[in-house]
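So the chains spell out like this:
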Amino acid sequence: MSVSVKTPVDTPKVTAARSFSDWANKHRKWLFAAPAMIFVGVLIIFPLGWTLYLSLTDSHGSVRASSDFIGLGNYTTVLSDFDRFWPAVGRTVYFTATALVVEMVLGMMIALLLWRPFRGEKWVRVAILLPLVATPVAVGMMWRLIFDPNMGFANQMLSWVGIPPQPWLSGQATALPTTIFMDIWQWTPMVVLILLAGLTSLPEETDEAARVDGANAWQRFFLVTLPLLKATVIVAVLLRSIDALKTFDILYATKGKGGGSFHEVETLNVYAYGLSFDYNEYGMSSAVLIIFFLIIIGFMWILTRRRKGQN
Amino acid sequence: MFYETSITNTAYVFECQRTVWNFGSGLIEREVVMKRRSVLQLLAVAVVVPFGVAACGGTDSKATGTLRVTLANHVWTEGIKAAIPEFEKDSGLKVELTQLGEDQLSDQYNVKLNAGTNEIDVMMYRPLQEGKLFAKNKYLADLSSNVKSDAAWDWADFQKGPVSSTTFENKVVGVPIITEREVLYYRKDLLEAAGVAVPKTMEELEAAAKKVSAANKGVAGFVARTNKSAAVTQFSSFLYSFGGDFIDGSGKASLDTPEAKAAYAFYGGLLHNHGPANVSTDMSWPEAMAIFTQGNAVFYTEADSLYKNATDTAKSKVADKVGFAALPAGPAGSKPYNVPSWALGINDASGNKDNAWKFIQWATSKARTLAAQKAGVPGPRSSVWADPAGTSTYPKDLGEAIAFSAEHGIGHDRPLVIAVAKAREIVGEPIVTAITGGDSAGAAATANTAFQKFLDTDK
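Residues numbered from 1 in each chain as written. Chains lettered and ligands numbered in written order. Predicted model: local features only at pLDDT ≥ 70, side-chain atom pairs only at ≥ 80, totals over all residues.

Trainee: Which parts of the structure should I look at to understand the overall build of chain B?
Mentor: For chain B, the count of helices and strands is 20 helices and ten strands. Look at the contacts in chain B between residues 6 or more apart in sequence, and 76% of them connect residues 24 or more apart. (Helix = DSSP H or I, 4+ residues; strand = E, 2+ residues; numbered from the N terminus. Contact = placed C-beta atoms within 7 Å.)

In structure tokens:
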């Protein structure tokens, strides 16, 4: 205390206030952070806890209606569901893996192209980043129109070169790959952005040294640039894979509830959404979401461990 | 109305933020002068600021003159929206309108009503889709005494069928606003050119679809909804006309009867054999209607309440070439559904129920129902149908088709259960199997088992 207040006698009340003040002074970094920490806790931990609780009940119809505690009943039902749950897991993995691999390879290629300065560089960069700023639902609607089997532009274009019309989003086998294509179109720019940031921060000396030693372009990329860029690549993989796992908007915008009449694009997220918003089976839906949550946590854990190993 | 309020709210939030900032900068000044005079004071501020911001959120218009009305996108809503200033003037109330697409509306209700919101006063809902679920969850206020309170408004004037579907356990929970029946839309010009008469039976329909389509390259013989869930209501009329139903008299699933199997095979077969090339199984009415109004199909079966989409020159390329007829007869005759598709209810948690009722009373009055019906929305009031003005704006053939369907119609277009969305997906499965050329009889048998299992647990 820089300002001292003189009091005739130190009463016990004042002493108590002062000792609390001293304590508060000592712990002020915690005290000031407390409101924010409580806020985050309430927003993250409470919903998670509530979902976990719901997943152990047979809550349906309305979450405010009475429900029975059924232990792990929902989990056994979900895990033994080979009609909807496991195919949805398969689609989620297929969607994420395909989108991720293509986006990383394509993203790396574009980032390498944009790395060195060239004429009109700014314009090219802006054009490439455009899909990233579009709203996913609007993107979904746009591609849905383009891929319409009867009136869409995609089939119109194919007809110019004599290729018969394709079912695209309406085909049972082609719907999921078509949505993956849309994801690639929209999110490759983000990968480009991250990798480009990584590339520009790389030291030039190593590349020059390799050049002096007579390494060709492939060798310089695979043996010099890529290993140096590994940490950035893992960040991009981490961000993109979590996002791709959770994809919902473009799937819902293009195929609607249940991922289409044959659940062609029903991933775990779409399935959980359908369970709660169409079927009002909140207990079951919560169980699916908790399982999904564990899958994502597990995946992240593996990736961050690898990243730490790198560092 | 709605926008003005949002702007006011935004200004309010800015005001609040400014207060907080001023508060904050004052705090820094004091800190400079007195250094760390007392952490306690700062702490108090740190605690108060977030709460201050929180207190600035949300406005509370409970039991005031502001009425929050949630409506679906529909021709009916457009009419009401235009007339709301008139209601605001007469009642002195202010209406905040939220308008959403069907699916978004359902989701909105699911989230908000589940949380026990009082932010919705009047709600437009689908009695056959969500009515039972909402009433069971006690989302809908009991209107039994309200409907009897005003003799001039005349509850007895509402048709019995629609009224029964907005009644739950002998309590009135909603007032029907829109009714609909399935009718046949067709291209008059193409039929005439091909010398084909308007089909009266299902067999004639198939033959005509085949013949007219063959004479017009690129034009499909038949189009209708194809999405597993969306198609159920339009398929139901085919099911009844073939002599089947989703559930039999004893409450058991009846999707695997010979009649039902024949209906599935016929509806799906029409689309598979005479539908648009590469027919998608994602079509609800907007997609199917688009194919018809683009001039790409000869026949289309759909709800009559959507007819304006086909006859409005701004929306349809074939506006002056569309004819209407009653649903062709199957082996059991022509049995289209005749149902109330939408109703107005009051959120049971609303603190503004009396005013909400005033709105419903106005929106469902004889005058408003007549105005809506003239604008192309078939209403639920008998007096309006009896009034020649009520049908004066309808195409003559549509008026006849509606009159026929109202007389011979069946009162439901989907299974009457609580979890309707799930039931629709189950009974819709054989439809898409048939559309894609699969074994619809096998799919019907599988669906029947699943549907029975569903019925056993739908409580």
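Trainee: Help me understand the overall build of chain A in this model?
Mentor: Along its length, chain A carries 13 helices and zero strands. Put simply, chain A runs from its N terminus to its C terminus through helices and strands in the order α-α-α-α-α-α-α-α-α-α-α-α-α. Taking 311 residues into account, the globule formula puts the C-alpha radius of gyration at 19 Å, and chain A, at 27 Å, lies well above it. Projected onto the principal axes, the alpha-carbon positions of chain A cover approximately 100 × 70 × 35 Å. Looking at chain A as a whole, 32% of its 311 residues qualify as buried. Of all intrachain contacts in chain A linking residues separated by at least 6 positions in sequence, the fraction that spans at least 24 positions is 67%. (Rg over C-alpha atoms; globule rule 2.2 N^0.38 Å. Buried ≥ 20, exposed ≤ 12 C-beta atoms within 10 Å, placed from the backbone.)

Trainee: Looking at this structure, how should I read the environment of Lys252 of chain B?
Mentor: Residues and elements named next belong to chain B. Tracing the backbone through its elements, the reader meets Lys252 in the loop between α10 (231–241) and α11 (258–274). For Lys252 and Asp456, which are 204 residues apart along the polypeptide, the C-alpha to C-alpha distance reads 9.1 Å. Discounting residues that sit within four places of it in the chain, Lys252 has contacts with Ile247 and Gln452.

Trainee: Got a minute to help me understand the domain arrangement of chain A in this structure?
Mentor: By convention, interface size is frequently given as the accessible area that disappears when the constituent parts associate. All names here are of chain A. Assigned domains of chain A: these are domain 1 (12–73) and domain 2 (82–310). Distance from the C-alpha centre of domain 1 to the C-alpha centre of domain 2: 36 Å. In the side of domain 1 that touches domain 2, the residues fall into three nonpolar, seven polar and one charged. (Domains from an automatic or database assignment. Nonpolar A, V, L, I, M, F, W, Y, C, P; charged D, E, K, R; others polar.)

Trainee: I keep staring at the interface of chain A and chain B and nothing clicks. Help me out?
Mentor: Facing the 31 residues of chain A at the interface are 35 residues of chain B. Breaking the side of chain A that touches chain B down by element, the ones donating at least two residues are α1 (12–26) and α2 (28–55) of chain A. With four residues, α2 of chain A is the largest single contributor of residues to the side of chain A that touches chain B. Split by residue class, the side of chain A that touches chain B holds 14 nonpolar, twelve polar and five charged.

Trainee: Whenever I open this one, the pairing of strand β2 (residues 94–100) of chain B confuses me. Can you help?
Mentor: Looking along a regular strand, one sees the side chains alternate between the two faces of the sheet. All names here are of chain B. Sheet topology note: the strand β1 (residues 66–72)/β2 ladder contains seven bridges and is parallel. The residue bridging Arg68 from the neighbouring strand is Glu96, located in β2. With helix α3 (residues 75–91) bridging β1 and its parallel neighbour β2, the resulting β-α-β unit is right-handed. (Pairing = 2+ DSSP bridges. Right-handed = clockwise from strand over helix to strand, strands pointing away.)

Trainee: Would you explain the environment of Ala349 of chain B in this entry?
Mentor: Residue and element names in this part refer to chain B. Tracing the chain through its elements places Ala349 in the loop between β10 (338–346) and α14 (353–363). For the pair formed by Ala349 and Glu119, sequence separation is 230 residues and the distance between their alpha carbons is 8.6 Å. For Ala349, the contacting residues outside a window of four places in its chain are Gly116, Thr117 and Asn118.

Trainee: What's the story with α11 of chain B in this structure? I'm lost.
Mentor: In an α-helix, one turn spans 3.6 residues, which is why side chains three or four residues apart end up on the same side. All names here are of chain B. The end-to-end C-alpha distance of α11 is 23 Å, a good match for the 24 Å that 17 residues give at a rise of 1.5 Å each. A maximum bend of about 25 degrees is found in α11 at Gly268. If you check which residues of α11 are buried, you get Ala260, Lys261, Ala262, Ala263, Tyr264, Phe266, Tyr267, Gly268, Leu270, Leu271 and His274. Each element contacted by the buried residues of α11 is listed here: α9 (202–215), β7 (220–223), α10, α19 (420–435) and α20 (440–457). (Expected span 1.5 Å × (residues − 1). Bend = angle between axes of the 7 residues up to and from the residue.)

Trainee: What is the right way to read the pairing of β1 of chain B from this model?
Mentor: Residues and elements named next belong to chain B. Of all seven residues that make up β1, six are buried, and the element is covered over most of its length. By the bridge criterion, two bridges tie β1 to strand β3 (residues 122–125) in an arrangement that is parallel. Looking at the pairing, Val69 lines up with Val122 of β3.

Trainee: Just checking my understanding: could you explain the confidence of the model for chain B for this structure?
Mentor: Do not read the fine detail of predicted coordinates wherever pLDDT is low. Residue and element names in this part refer to chain B. In the predicted model, chain B carries a mean pLDDT of 86, and 86% of its residues have values of at least 70. In the model, residues 1–62 has pLDDT below 50 throughout and makes 36 contacts with residues more than four positions away in sequence or in other chains. The ipTM assigned to the predicted complex is 0.78, against a pTM of 0.80. (pLDDT = per-residue confidence, 0-100.)

Trainee: Before we go on, may I ask you to explain the packing of α11 of chain B against α20 of chain B in this structure?
Mentor: How two helices sit against one another is set out by the angle between their axes and by the gap between those axes. All names here are of chain B. Viewed as axis vectors pointing N to C, α11 and α20 meet at an angle of 130 degrees, and their least axial separation amounts to 9 Å. Looking at the two axes, α11 sits oblique to α20. Crossing of α11 against α20: the hand is right-handed. Residues Ala260, Lys261, Tyr264, Ala265 and Gly268 of α11 form the contact with α20, whose participating residues are Ser440, Ala441 and Ala444. (Axes fitted to C-alpha atoms, helices over the stretch in contact; angles between N-to-C directions. Parallel < 35°, antiparallel > 145°, perpendicular 65-115°, else oblique. Left-handed = near helix turned anticlockwise from the far one by under 90°.)

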